[in-house]
Amino acid sequence: MKKLIFIFFVLIFAFSTGLAENPSIDQILDRHAEAIGGMEAIENFESVHMQAEVQLGNLAGSAETWFEKPGKFKLDMDLAIMQVEQGMYEGRMWMKDQTGTVRDMAGMEKKQFVTEYQLSNFSYLLDPEVRKSFTFKGVEEFDGKGCYVLEFKPPEGDKYTMFFDTLDYLVVGSRTTLQGIPVKSTSSDWRIVEGIKVPFKTVQDLGNPMLLTTITVTGIEVNEDIPDVVFIPPMSGTEKFRFVNDADSGSLEFTLNIHHIYIQVYVNGAGPFWFLLDSGAGMSILEKRIADSL
């Protein structure tokens, strides 16, 4: 009898998640668009300015993002010992590295930026050509919820897997890789802003507590005029780092943790503090010289 009951529930679950005909990619995206406010409301978003608090391991900081149609985007993140500044203006994708040098994005960092940009400005819903970048991967459980799984890989972008709740079609979370490291993101605390539902909390898990990142939105302004100066690449700043005695290389002890290089530093005699050197494609010239010399 117990075996029959078990088979009965298995058949019900299989029918609801697998044997029943799954919606098409366009149906999933259309229902998702309707769930977050409808296509008309989404199309009315001409610009967005968002502020957030960021907690990366033991580091606390802030982040601001701006986007404006067509083709303008800016991210500015400040974590005290680490700053991230990148954007897009007149087709140029640029970033300012830890030395204050402004350069064009390349390689993996550019691919990740392209994908994030297409998602942040709703192109994945509004542009029929961008919609062609989705592949249906089936039905899976994500954080206890049944989800339709779509893989998104826009032209010149990086692969990004999205999980849409089968009940309300909101995005429960995503999976991607960051410089070869698997990243699981969860989205929650959805709130309505100017007719659109927005997740006010995002948690990114890289498999290490030191790198666990929580992003909490603190403010959003919609359809306000954003001056072009926000998006225009800044001038390169003065060099913030140098080797002892103006040498062009050096050696030092370090800790390698999940493809990231950590060194101990002292700031104005205080410390030691752990300083992260990115071991991936986004290394600055100075960081690369340090890594090459180790």
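Residues numbered from 1 in each chain as written. Predicted model: local features only at pLDDT ≥ 70, side-chain atom pairs only at ≥ 80, totals over all residues. Heavy atoms only, no water.

Description of the confidence of the model for the chain
Per-residue confidence for the chain gives a mean pLDDT of 82, with 79% of residues at or over 70. Per-residue pLDDT stays below 50 along residues 1-19; that stretch engages in 6 contacts with residues further than four places along the chain or on separate chains. Predicted confidence for residues 279-294 stays below pLDDT 50, and this span has 35 contacts to residues more than four positions away or in other chains. (pLDDT = per-residue confidence, 0-100. Contact = heavy atoms within 4.5 Å.)

As for the nonpolar core
Ranked by size, the top nonpolar core spans 40 residues in total, and within it F122, Y124, L125, M162, F164 and I220 carry the most contacts. For this core, the element with the most residues is helix α4 (residues 107-120), which contributes 4 residues. Each residue touching I220, except ones within four places of it in the same chain, is listed here: V48, H49, M50, Q51, V193, V198 and F200. Judged by nonpolar contacts, the second largest core, of 6 residues, contains V54, L56, A63 and M82. (Core = buried A, V, L, I, M, F, W, Y, C linked by side-chain atoms within 4.5 Å. Buried < 20%, exposed > 50% of the residue type's maximum accessible area, 1.4 Å probe, protein only. Helix = DSSP H or I, 4+ residues; strand = E, 2+ residues; numbered from the N terminus.)

Considerations on helix α2 (residues 25-35)
When α2 is considered as a whole, its buried residues turn out to be I28, L29, H32 and A33. Mapping the buried residues of α2 onto a view down its axis gives an arc of 135 degrees, with all of them on the same face. Downstream of α2 by a residue or two, G37 has a phi angle that is positive, lying close to 140 degrees. (Arc of directions from axis to C-beta.)

Focus on the environment of E53
Relative to the helices and strands, E53 resides in strand β1 (residues 47-56). For the pair E53 and D78, spaced 25 residues apart in sequence, the C-alpha to C-alpha distance is 9.8 Å. Here E53 is in contact with G61, T214, I215, T216 and T218, once residues within four sequence places are set aside.

Examining the environment of M50
Relative to the helices and strands, M50 is located in strand β1. Residue M50 is classed as partly exposed on the basis of its relative accessible area of 22%. M50 sits 168 residues away from T218 along the chain, and the two C-alpha atoms are 7.8 Å apart. Once you skip the residues sitting within four places of it in the chain, M50 turns out to touch A63, E64, T65, V198, V217, G219 and I220.

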